[in-house]
Structures are given as structure tokens and as C-alpha cells.
Amino acid sequence: MTEEFKSELKEAGVDLEDAVTRFVGREEIYEQFLYRFTDDKNLIQLEEYLAMDDIDSAFKKAHTLKGLTGNYGFKKMYEAAVPVVEILRKGSADGIEEPLAELKEVNCLLCGIINKYKKDAQY
């Protein structure tokens, strides 16, 4: 992982040191999983379930995404996921628009950074 890539991730709220420890301290393993994150469908499925008013399934996707972002060290995205999970935990989507928009914004930022470096990666 280049220093430039690391720097951009850190600026986007990624705690690289903590995240790498979750991958047996091996940066190359973390990097491989990092590139896979852009293919994750939990956020898309969360929105689909919300559109169908399936709150239980939306909650499960939001909770999964929260856990995933925690393991990846995506602190800002994790923090954005927490209110989405808590709203859905109550069995309703009332008030979810703003927290969901923030979650999507952070996701877009992180995926943009990851995709920028993914094209040059050999994994």
C-alpha cells in the first residue's frame, strides 16, 4: 500500500493501525480485503429493503455494514452507520433520511479512494 493511499485513507477517517491489527498485523492482507469492500452490497440492499418498507431486513443490513466498517477501521463510516442502525432497531425508518445520506456520502468517499488505487493494485 503506497504512502499516498494510506494518507488519503487516514484523511477519510480510516484508522489503519487498528484495522491492520485485525488482519493479523499484515498490511497486504488488509489491502486485499480493502479492495473487496467496494463490491460489498450491504448499503445497496439496505436501501432496497427500505424502499420495500422491510425494516427488519434493512436493520440486518445496516447492522452488518456497521460491523464491517468497524473491522475495516472506517471510523467515520462506522460513526455514520450507528444512527442508521439505532433508528431501524426501533422498528421504524422515521428520521432515517439524514443519517442515511451521511452514510452514503462517507461510503462514496471511501469507495472513490479505494477504487483510485484498486486499478493499479496486484492482488
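Every chain is numbered on its own, with residues counted from 1 as its sequence reads. The model is predicted, so local features are restricted to residues of pLDDT at least 70 and side-chain atom pairs to those at 80 or more, both for listing and for counting; the totals for chains, interfaces and linings are taken over all residues. Working from all heavy atoms in the structure, the side-chain values ignore hydrogens and water.

Student: Explain the pattern of salt bridges to me, using residue names and the numbers behind them.
Tutor: Salt bridge, as applied in this entry: a Lys or Arg side-chain nitrogen positioned within 4 Å of an Asp or Glu carboxyl oxygen. In the structure shown here, the tally under the stated rule is 11 salt bridges. By sharing partners, the salt bridges in this structure join Glu3, Lys6 and Glu27 into a single network.

Student: Break down the packing of aromatic side chains for me, with residues and values.
Tutor: Put simply, two rings from Phe, Tyr or Trp (the six-membered ring, in Trp's case) pair if the centres are within 6.5 Å, and we call them stacked under 30 degrees between planes, edge-to-face over 60, tilted for the rest. Tallied over the full model, the rule gives nine aromatic pairs. When the centroid spacing of 6.4 Å and the interplanar angle of 50° are considered together, the rings of tyrosine 30 and tyrosine 72 count as tilted. You can see tyrosine 30 sitting in helix H3 (residues 27-37) and its partner tyrosine 72 sitting in the loop between helix H5 (55-71) and helix H6 (75-89), a full 42 residues away along the chain. Residue classification places tyrosine 30 among the buried residues on the basis of a relative accessible area of 0%. The classification of residues rests on relative accessible area computed with a 1.4 Å probe and restricted to protein chains. Under 20% of the type maximum is buried, over 50% is exposed, and intermediate values are partly exposed. Classification of tyrosine 72 by relative accessible area gives buried; the value is 6%. Only DSSP runs of H or I covering at least 4 residues are called helices, and only runs of E covering at least 2 are called strands; the numbering of each starts at the N terminus.

Student: Kindly report on a negative patch on the surface, identifying the contributing residues and their values.
Tutor: Patches here are clusters of residues that have more than 30% relative accessible area and form no salt bridge, with a 9 Å joining cutoff for like charges and a 5 Å cutoff for nonpolar side chains (Val, Leu, Ile, Met, Phe, Trp, Tyr). Where accessible areas are quoted, they stem from the Shrake-Rupley method and a 1.4 Å probe; at the residue level, only the protein chains shown are allowed to cover. Positive charges are assigned to Lys and Arg, negative charges to Asp and Glu, while His and the chain termini are left out of the count. The atoms used to mark charge sites are NZ of Lys, CZ of Arg, CG of Asp and CD of Glu. Residues Glu79, Glu98, Glu102 and Glu105 make up a contiguous surface patch of negative charge. For the negative patch, the leading source of residues is helix H7 (residues 97-118), giving three residues. Examined against the element boundaries, glutamate 79 turns out to sit in helix H6.

Student: I'd like a description of the confidence of the model for the protein, backed by residues and values.
Tutor: Every residue gets a pLDDT, meaning the predictor's confidence in that residue, from 0 to 100. Taken over all residues, the pLDDT of the protein has a mean of 95, while the share at 70 or more is 98%. Per-element mean pLDDT across the protein ranges from 94 in H3 up to 98 in helix H4 (residues 42-51).

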